[in-house]
Amino acid sequence: MEKFIGKFERGTQYVNIISAVTANELTAVDKVSDDYMDLECVKFVPASGAATRMFKDLYQYLEDRTETDSVVDFFENLEQFPFYRDMETHLDSGDIDKESEEGRIELIEMILRNK
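Okay, so let's go over this structure. (Residues numbered from 1 in each chain as written. Predicted model: local features only at pLDDT ≥ 70, side-chain atom pairs only at ≥ 80, totals over all residues. Heavy atoms only, no water.)

### Concerning the overall build of the protein chain
As a reminder of what qualifies: Here a helix means four or more residues in a row that DSSP labels H or I, a strand means two or more in a row labelled E, and each is numbered from the N terminus. Each residue is placed in one exposure class: buried if its accessible area under a 1.4 Å probe, protein chains only, is under 20% of its type's maximum, exposed if it is over 50%, and partly exposed if it falls in between. Per-residue accessibility takes into account occlusion by the displayed protein chains alone, with areas from the Shrake-Rupley method and a 1.4 Å probe.
A tally of regular secondary structure across the protein chain gives 7 helices and 0 strands. N-terminal to C-terminal, the α/β element order of the protein chain is α-α-α-α-α-α-α. Across the 115 residues in the protein chain, those meeting the buried criterion constitute 23%. Accessible surface, the protein chain as shown: approximately 9600 Å² in total, 51% of it carbon and sulfur.

### Focus on the packing of aromatic side chains
The geometry of an aromatic ring pair is captured by the separation of the ring centres together with the interplanar angle, meaning the angle of the planes. To be explicit about the condition: Here a Phe, Tyr or Trp ring, Trp counted by its six-membered ring, pairs with any other such ring whose centre lies within 6.5 Å, and the pair is stacked when the planes are under 30 degrees apart, edge-to-face when over 60, and tilted otherwise.
Tallied over the entire structure, the rule returns 4 aromatic pairs. With centroids separated by 5.1 Å and ring planes inclined at 90°, the aromatic side chains of Phe74 and Phe75 adopt a geometry described as edge-to-face. As far as burial versus exposure is concerned, Phe74 and Phe75 are alike and both buried. The rings of Phe74, Phe75, Phe81 and Phe83 are connected pair by pair, giving a single aromatic cluster.

### Describing the side chain of Lys98
The condition is simple: We call two N or O atoms a polar contact when they sit within 3.5 Å, provided that within protein one can donate a hydrogen and the other can accept it, with sequence-adjacent residues counted only if both atoms are side-chain atoms. The contact definition used throughout considers only heavy atoms, calling two residues in contact when any of these lie within 4.5 Å.
With respect to the secondary-structure elements, Lys98 resides in the loop between helix 6 (84-92) and helix 7 (101-113). A distance of 2.9 Å separates the side chain of Lys98 from the side chain of Glu79, its partner in a polar contact. The contact partners of Lys98, leaving out residues within four places of it in the chain, are Phe75, Glu76, Leu78, Glu79, Leu91, Arg104 and Leu107.

### Some remarks on unusual backbone geometry
Although it is not a glycine, Arg65 adopts a positive phi angle of roughly 60°. Its place among the elements puts Arg65 in the loop between helix 4 (56-64) and helix 5 (69-76).

### Brief notes about helix 5
Inclusion rule: To obtain the arc, one takes the directions from the helix axis to the C-beta atoms.
When we look at burial in helix 5, the residues that qualify are Val71, Phe74 and Phe75. Projected down its long axis, helix 5 carries its buried residues within an arc of 90°, all on one side. The exposed set on the far side of helix 5, more than 90 degrees from its buried face, consists of Asp69 and Glu76.

### Concerning the packing of helix 5 against helix 7
Selection rule: Here the axes come from fitting lines to C-alpha atoms, over the contacting stretch only for helices, and the angles between their N-to-C directions go from 0 to 180 degrees. Our angle categories are set so that under 35 degrees counts as roughly parallel, over 145 as roughly antiparallel, 65 to 115 as roughly perpendicular, and the remainder as oblique. Ten residues, namely Ala, Val, Leu, Ile, Met, Phe, Trp, Tyr, Cys and Pro, are considered nonpolar, four, namely Asp, Glu, Lys and Arg, are considered charged, and the remaining ones, Gly among them, are considered polar.
Two elements in contact, helix 5 and helix 7, have axes whose closest approach is 12 Å; the angle formed by their N-to-C orientations is 85°. By the criterion of interaxial angle, the relationship of helix 5 to helix 7 is roughly perpendicular. Between helix 5, through Val71, Phe74 and Phe75, and helix 7, the contact on the second element is made entirely by Arg104, Leu107, Ile108 and Ile111. Split into classes, the residues belonging to the contact of helix 5 with helix 7 amount to 6 nonpolar, no polar and 1 charged.

### Points about the pattern of salt bridges
Let me state the cut-off plainly: Salt bridges are defined by distance alone: a side-chain nitrogen of Lys or Arg within 4 Å of a carboxyl oxygen of Asp or Glu.
Enumeration according to the criterion identifies 4 salt bridges in this entry. Where Glu79 meets Lys98, a salt bridge forms, and the shortest distance between an N and an O atom there is 2.9 Å. Taken as a pair, Glu79 in the loop between helix 5 and helix 6 and Lys98 in the loop between helix 6 and helix 7 lie far apart in primary sequence, 19 residues in all. Notably, a salt bridge pairs Glu99 with Arg104, separated by 3.5 Å at the nearest N-O pair. One network of salt bridges, in which partners are shared, links Glu67, Glu99 and Arg104.

Written out as structure tokens, the structure reads:
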């Protein structure tokens with residue numbers, strides 16, 4: 001416990017960025033270990049309020065059902081998102097219809113509110 005309190009006492013440690021990441025520094029998908037691929041993502045939490053900006057239109061859809069181009073694109077490409085596997089069984093079984101307003105609301109709440 002003392003170890004964790006020390007981190008708060010020291011405060012934020014800034015990182016000295018020396019360059020942008022290039023393609024040569026990334027790990028190829030075919031080189032990712034099976035152990036890593038077996039890990040389960042519990043929750044996607046972007047840093048510094050990025051989730052609010054990234055999913056602004058989805059939050060807005062929950063509020064007033066405004067279907068922007070971004071919302072349409074999101075549902076058309078849902079299968080491309082890394083969290084799709086977590087909801088795939090609901091979609092495949094017919095429990096949730098991503099084309100219906102009710103289904104979209106349920107999916108958005110699953111993603112944004114971890115339900």
